[in-house]
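Read off the chains here:
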Amino acid sequence: MGSLDQVHMSRTNQELGFKLQNRRSSFCLAVVLFIAAAIGLAVGLLLGRFALCTESVDPASKSRGGLQQVGNTSISQQVMAAVDAGRMEETLRQLSLKPHIAGQENDAVLARLVKDRFRQSGLHVQTTPYDVLLSYPAGTNSVRLVAADGTIIYDAVRDESDVTTRPDVVQPFHAYSPSGLVEGQVVYVGYGRVEDYTVLAGYGVDVTGHVVLVKYGKIFRGDKVEIAASHGAVGVLMYTDPADYTGWRAGDPRVYPDTWWMPPTGAQRGTVMSGQGDPSTPGLAANNLAYRRTDNLTTPTIPSQPIGYGAAYNILKQLSGAVAPTTWSGGLNITYRLGPGFLNSTWKLQLNVTNTNTRRKIENVFGIIEGEEEPDRYVLFGNHRDAWIYGAIDPSSGTAVMLEVARVMGELVQSGKWRPRRSIVFCSWGAEEFGLIGSTEWVEQYVAVLRERAVAYINVDLAVQGNDTLRALATPLMLDVLFEACKQVPNPDPAEVAAGRQTVYDTWYHVTPHNDVPATSGLGSGSDYAPLLQQAGVTSVDLRYSYDRKKYDISSYALYHTEYETFQLVKNHFDRDFQYHAAVAKVCGELLLSLADSLLLPFNLTTFALGLELLRATLERDHGPKLRVKLDNFDLLASVTKNFTADVANFESRRRLVDTSRALAVRALNDQMLLLEKAFLRPEGLPLRPLKKHVIYAENANDGYAGSSFPGLVELLFQIDEHPERWTTVKQHFSAILQTIQSAGATLRDVTSFMSESL
């Protein structure tokens with residue numbers, strides 16, 4: 001019974017009491033006894049509903065993943081039937097009409113649009129504003145070749161995109177790059193990874209005092225700048241090589257707008273900050289309570305600038321020096337040389353960056369459907385709102401999907417046909433592109449709540465970057481529920497259906513089979529799932545439709561973060577009828593229904609144990625010989641992992657036998673599953689990154705996009721021969737890993753028999 005009903009009953013009783021004052025006492029007594037009996041019956045029914053949980057078996061209920069799902073099984077079909085591809089097309093068109101970089105007016109306009117859509121769908125709307133440090137060009141950033149007398153030989157601006165001439169299109173820049181004018185010779189360093197500098201040293205080339213030119217791809221752009229600075233470079237130019245962002249390898253010379261390949265004028269914008277969240281308030285929410293740093297920020301120390309491959313061609317073709325390694329050559333019709341210096345020894349490169357950091361207001365917007373039975377358990381579905389320019393793919397394709405799922409579920413609630421068992425929270429994050437800022441600040445503010453109450457997080461940073469198959473990054477707990485959801489969703493590709501692959505799952509498995517299931521990857525730090533997983537321990541999944549990654553060996557979709565990422569790109573080259581957007585929406589709907597409505601949470605803990613053993617085996621393969629020499633307890637990792645697997649098996653046995661009519665018994669099991677991921681958080685964080693708390697999953701320290709197993713340990717082992725003093729920290733952290741796994745297993749045991757007498 002809802003609170004409004006209780007208020008109504010209270011008022012009714014008061015009115016009845018007032019009227020009965022002038023009645024005979026016997027009649028009064030009879031009425032009072034009748035009311036008391038009625039109230040007693042109502043309370044009894046209420047207690048029976050919540051304490052006995054008599055809804056454990058529904059004849060129409062549907063089994064997914066071997067677990068009984070509770071409630072009206074037609075809801076899944078109703079959600080799928082209600083998803084409207086045409087609505088998402090129109091929503092995407094509206095979202096991508098204007099540039100909407102974070103912290104500026106057009107982004108605030110979209111925040112209001114999202115609020116209005118949530119309200120129209122009947123959701124309860126909340127917002128969390130933050131005052132954060134963002135970065136924008138204050139003037140015109142430039143890259144030029146100049147002669148000794150100052151004559152400009154070449155200006156890269158002539159090869160930069162300007163397809164709309166809109167004044168609110170931000171020029172190519174790297175957010176948080178420091179301002180400054182640097183001049184010098186150029187050295188080409190391939191992708192700018194640590195190993196590339198090792199190769200360069202083999203040629204006797206030192207980058208100290210020079211500007212390095214590197215290709216986008218392989219690792220996070222911010223890591224490229226940090227690595228360059230550590231080797232003494234004074235500036236970084238970053239370009240998109242045709243081999244990585246065009247159809248060059250496939251022999252396709254076309255570029256946008258004729259196809260989805262990058263033209264020579266395209267320049268990829270993006271942040272180069274290595275941290276997450278507001279750089280001036282690390283570990284604290286950026287509100288009026290925060291202490292703000294003015295120095296020692298997690299921002300680069302040398303200027304950097306993105307350019308297109310048209311500009312890179314005009315610089316690289318002038319380089320002198322040794323011919324670059326064959327593996328460093330790309331798709332430009334030149335001989336790639338290393339430098340330093342130019343064919344004309346009097347020329348030099350001039351890099352001028354005008355960026356300035358400034359405090360701006362950003363806002364997260366939430367649409368909430370309150371759960372009927374467990375409103376204090378939250379299933380989160382998120383997407384960020386800001387874009388470098390139009391952002392039709394990143395993030396607006398994902399925003400269109402999220403708003404559509406919110407509309408469909410909100411209307412079901414409004415019609416009285418359904419309400420989820422647990423609360424569903426739709427999250428529109430602000431300033432993700434600058435470094436996951438909105439989501440990180442929110443987690444920092446509400447981490448105590450999230451660690452206790454958040455069930456899972458579904459992230460759709462972008463929904464469609466191709467139309468080949470689904471692609472997913474996930475923690476092991478989310479894998480089975482994801483697979484089962486994909487098995488329920490019809491295949492959006494007619495050719496695949498004709499080939500007998502009827503569902504999203506069928507094509508996914510056909511394209512990327514791996515150990516009898518579709519291939520997935522671990523979660524790095526490329527989107528808003530990172531702070532939720534790494535700081536609050538919320539098990540997560542990130543999904544999208546993607547291009548054929550076997551056919552196209554490219555680092556991302558070609559027009560990523562450029563001015564060409566428009567509605568027309570999506571409509572003309574990826575999803576003409578928006579059926580792939582609809583498929584992603586339906587998968588998300590299925591995930592939400594499973595996570596929010598299942599009596600027992602649909603997590604397969606055996607998959608988690610298998611994943612942990614796989615990580616242990618990988619560590620053994622990659623670092624075992626070296627670790628055994630230094631750690632006399634290295635083999636204990638296999639022991640605690642085996643014990644954890646046994647704890648999982650015992651838990652699964654108890655789960656199969658639970659009496660689902662006992663609400664508190666069900667709640668206890670669910671809480672053990674909900675808290676398992678969180679049991680792998682260490683309060684002190686990783687040794688070199690204390691704001692990262694998860695000892696099993698975090699991004700690779702040398703590539704923010706890529707996941708890493710046992711990240712704190714692997715980070716310490718990187719180039720450890722050059723830093724032997726780290727071995728003491730390795731031993732300490734390895735012990736912390738052992739105890740964390742042991743403690744996590746204890747959370748799954750019988751609640752009064754969780755302790756062990758063994759050392």
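A quick note: this is a predicted structure, and the numbers were derived from the prediction, not measured.

Draft legend 1. Main features of the overall build of the protein. A count of helical and extended segments in the protein gives 22 helices and 23 strands. Long-range pairs, those at least 24 residues apart, make up 78% of the contacts in the protein between residues at least 6 apart in sequence. Of the accessible surface of the protein, which amounts to about 31,000 Å², a share of 53% is contributed by carbon and sulfur atoms.

Draft legend 2. Molecular detail of the environment of Val517. Mapped onto the elements of the fold, Val517 is located in strand β20 (residues 517–518). Here the alpha-carbon distance between Val517 and Asp480, two residues 37 residues apart in the chain, equals 9.6 Å.

Draft legend 3. Structural detail: the packing of aromatic side chains. This model, assessed by the stated rule, comprises 29 aromatic pairs. The structure contains a cluster of three or more aromatic residues connected by ring pairs, namely Tyr136, Phe173, Tyr176, Trp388 and Phe434. The ring of Tyr191 carries Lys215 above its face, with NZ or CZ at 4.2 Å from the centroid. Across the ring face of Tyr505, the terminal group of Lys487 is positioned such that the distance to the ring centre comes to 4.9 Å.

Draft legend 4. Region of the structure containing the side chain of Ser546. Secondary-structure assignment places Ser546 in strand β21 (residues 540–546). Exposure remark for Ser546: the relative accessible area of 1% places this residue in the buried category. Other than its neighbours up to four places away in sequence, Ser546 contacts Gln465, Gly466, Asn467, Asp468, Thr469 and Arg471.

Draft legend 5. Up close: the sheet that holds strand β17 (residues 454–459). The strand order across the open sheet formed by seven strands is β3-β14-β16-β15-β17-β21-β18, and the pairing between neighbours is mixed. A strand with exactly one partner marks an edge of an open sheet, and here the two such strands are β3 (124–137) and β18 (469–474). Averaged over all adjacent pairs, the angle separating strand axes in this sheet is 20°, with direction ignored. Across 14 bridges, the pairing between β3 and strand β14 (residues 355–369) is antiparallel. The residue bridging Thr128 from the neighbouring strand is Asn364, located in β14. Docked against the sheet, helix α5 (residues 105–120) engages β3, β14 and β16 (422–429), running at close to 5° with respect to β14. In the packing of helix α11 (residues 437–453) onto the sheet, contacts are made with β3, β14, β15 (374–384), β16 and β17, and the angle to β3 comes to roughly 140°.

Criteria and thresholds
- Numbering of residues starts from 1 in each chain and follows the order in which that chain's sequence is written.
- The predicted origin of the model limits local features to residues at a pLDDT of at least 70 and limits the giving and counting of side-chain atom pairs to 80 or more, whereas totals for whole chains, interfaces and linings rest on all residues.
- Side-chain numbers here rest on the full set of heavy atoms in the structure, without hydrogens or water.
- Counting from the N terminus, the helices are the DSSP runs of H or I reaching at least four residues and the strands are the DSSP runs of E reaching at least two.
- The contact rule is simple, with two residues in contact once any of their heavy atoms fall within 4.5 Å.
- The protein chains shown are the only cover counted for residues, whose accessible areas, like all others here, come from Shrake-Rupley with a 1.4 Å probe.
- Ring geometry is summarised as follows: Phe, Tyr and Trp rings, the Trp one being its six-membered ring, pair when their centres sit within 6.5 Å, and such pairs are stacked at plane angles under 30 degrees, edge-to-face over 60 and tilted between the two.
- Working rule: Lys NZ or Arg CZ, within 6 Å of ring centre, within 35 degrees of ring normal, means a charge sits over the ring.
- Exposure is judged per residue with a 1.4 Å probe applied to protein chains only, and the accessible area is read against the type maximum: over 50% gives exposed, under 20% gives buried, and values in between give partly exposed.
- Here, any two strands with at least 2 DSSP bridges between them count as paired.
- Axis angles are defined between N-to-C directions and span 0 to 180 degrees, where every axis is a line fitted to C-alpha atoms and, for a helix, only to the segment in contact.

Fair warning: the whole summary comes from geometry, so function is off the table for now.
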